[in-house]
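Close look at the chain arrangement
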Amino acid sequence: MATQKGNRGNSRQTNLPSGLSGVRSLPNSVLHSPNHGSKSKMGFLIALCCMVLVFVLLLPLLGSIYYDTLAVQRESKLQIERMERLRQQLEYERKQLERLKNDNSVLIPDQLPDGRPPKNP
């Protein structure tokens, strides 16, 4: 029995043209279809048109995002400069106020010369 199974296996292998065991070759009609070339060209053209359409639609969108980013950057720079000027102005006014409080010759309304608020307004 063991020899019969072995003989059967060898007979299958000798029928294969390539000599590989267990691999069958496909017929040429399956590998090459007559309309395969025109379908692939048409598919390529459709894919190319879709890519161009997407590129044409995305280019203005990306441009507008870029210009919006530049505008926001410019506006934030102006806001930072404005805040810096206000901060410097507040520091200057605070120093002026401290200098006036320390100077006894100038009276500030609603305060006594030593900086205390008056008891009877």
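Sequence positions are assigned chain by chain, starting from 1 and proceeding in written order. The predicted origin of the model limits local features to residues at a pLDDT of at least 70 and limits the giving and counting of side-chain atom pairs to 80 or more, whereas totals for whole chains, interfaces and linings rest on all residues. Excluded from the side-chain calculation are hydrogens and water; included are all heavy atoms of the structure.

Before going further, it helps to spend a moment on the overall build of the protein. Note on conventions: DSSP H or I runs of at least 4 residues are helices, E runs of at least 2 residues are strands, and numbering of each starts at the N terminus. If you tally the helices and strands in the protein, you get three helices and zero strands. Scanning the protein from its N terminus toward the C terminus, one meets helices and strands in the order α-α-α. Split into buried and exposed, the 121 residues of the protein put 0% on the buried side. Surface exposure here means Shrake-Rupley accessible area, sampled with a 1.4 Å probe, where a residue is shielded only by the protein chains that are shown. Carbon and sulfur atoms provide 62% of the accessible area of the protein, an area that totals close to 11700 Å². Note on classification: 1.4 Å probe, protein chains only; a residue is buried when its accessible area is under 20% of the maximum for its type, exposed when over 50%, partly exposed between these limits.

So, on to the state of the cysteines. Disulfide: a pair of cysteine sulfur atoms within 2.5 Å of each other. Evaluation of the coordinates by the stated rule reveals zero disulfides. For the unlinked cysteine Cys49, the closest cysteine sulfur is that of Cys50, found at 7.0 Å.

Across the protein, the average pLDDT comes to 76, with 58% of residues at or above 70. Of all the helices and strands in the protein, helix H1 (residues 2-15) carries the lowest mean pLDDT, 51, while helix H3 (residues 36-102) carries the highest, 91. pLDDT: the predictor's confidence for each residue, scored from 0 to 100.

On to the pattern of salt bridges, then. The working definition used for a salt bridge is a side-chain nitrogen of Lys or Arg within 4 Å of a carboxyl oxygen of Asp or Glu. Counted according to the given criterion, the structure contains two salt bridges. Two residues, Glu84 and Arg87, come together in a salt bridge whose shortest N-O distance is 2.4 Å. On the criterion of helical spacing, the pair formed by Glu84 and Arg87 is a turn pair, its members being three residues apart in helix H3. The partly exposed category is assigned to Arg87, whose relative accessible area is 38%. Between Glu91 and Arg87 there is a salt bridge, with the nearest N and O atoms lying 2.5 Å from each other. Of this pair, Glu91 and Arg87 both sit in helix H3, separated by four residues, roughly a single helical turn. Owing to a relative accessible area of 33%, Glu91 belongs among the partly exposed residues under this scheme.

Aromatic rings from Phe, Tyr and Trp, with only the six-membered ring used for Trp, were paired whenever their centres fell within 6.5 Å, and each pair was classed as stacked if the ring planes differed by under 30 degrees, edge-to-face if by over 60, and tilted otherwise. Within the structure shown, the criterion is met by one aromatic pair. Residues Tyr66 and Tyr67 carry aromatic rings whose centres are separated by 5.7 Å and whose planes lie at 65 degrees to one another, so their mutual orientation is edge-to-face. Residue classification places Tyr66 among the partly exposed residues on the basis of a relative accessible area of 49%.

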